[in-house]
Structure formats: structure tokens, C-alpha cells
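So the chains spell out like this:
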Amino acid sequence: MNAYDTIKKPVISEKSYAGMEKGVYTFWVEPSATKTDIRNAVQQAFGVKVVKVGTFNVLGKMKRTGKFEGRRPNRKKAMVKLAEGQKIDALEGLV
């Protein structure tokens, strides 16, 4: 699995933007990816030094259309802390 298979996309929210100012970036990642896989993928894709990786699984919500019920897929979110003074330039333009 390469870096672009592991990282799906960045999380776009006010809370993730607040974290970017502190050097913490949030990504949706492949559910089977481990913390080591995520660390290596971020370092390879963006050329930065990762200090800490935190992950958690997000359960899909139940959704309903009329009498039919369904469920959104489960996902995995990773919060990556970079070394002091480093940032990901590709994501800084989103803020």
C-alpha cells in the first residue's frame, strides 16, 4: 500500500483548521491502516517529520429515506502532529 492509498483526504472542518495552527493535521485514512502506516504515508507524501499519530474509528450514521433504512460506511480518522516549526503547505491554502 503506498502513501496515496493510505491517506484518503484531509478533514475539512473548523476544528481541524484550529488544529492546523498548532501543527496537528487531520485526515480520513484507510480503515486497515496502522499508525506506522499513516506516519510513513504522511512523511512520504508531504516531506515532513511526524511526531505523533492518533487514530479513531468513526461509526457510520443510520440514515432513512421513507420506510427504508440504511447506514453510511464506517471510516477511520487520523490526527497527525508534526515536528515543531513544520507545516504542510498544500493544506495551508485551505484555511
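*Asks:* What exactly am I supposed to notice about the pairing of strand β4 (residues 62–65) here?
*Replies:* Residues in a regular strand project their side chains so that they alternate between the two faces of the sheet. With four bridges joining them, β4 and strand β5 (residues 68–71) adopt antiparallel strand pairing. Looking at β5, one finds that Arg-64 is bridged to Glu-69.

*Asks:* I tried to follow the sheet that holds strand β1 (residues 7–10) on my own but got confused; where do I start?
*Replies:* Strands belonging to one sheet form pairs held by backbone hydrogen bonds; the direction of such a pair is parallel or antiparallel. One open sheet accounts for four strands, arranged β1-β2-β6-β3; its pairing is antiparallel. The sheet terminates laterally at β1 and β3 (50–58), the two strands that pair on one side only. Put simply, the sheet's adjacent strands are angled 30 degrees from each other on average, direction ignored. Bridging between β3 and strand β6 (residues 75–82) involves eight bridges; their strand directions are antiparallel. Residue Phe-56 lies in a different strand from β6, and its bridge partner there is Lys-77. Contacts from helix α3 (residues 35–46) reach β1, β2 (24–29), β3 and β6, with the element oriented near 120 degrees to β3.

Rules used in this analysis
Residues numbered from 1 in each chain as written. Predicted model: local features only at pLDDT ≥ 70, side-chain atom pairs only at ≥ 80, totals over all residues. Heavy atoms only, no water. Pairing = 2+ DSSP bridges. Helix = DSSP H or I, 4+ residues; strand = E, 2+ residues; numbered from the N terminus. Axes fitted to C-alpha atoms, helices over the stretch in contact; angles between N-to-C directions. Contact = heavy atoms within 4.5 Å.

By themselves, these are just geometric observations and shouldn't be taken as functional.
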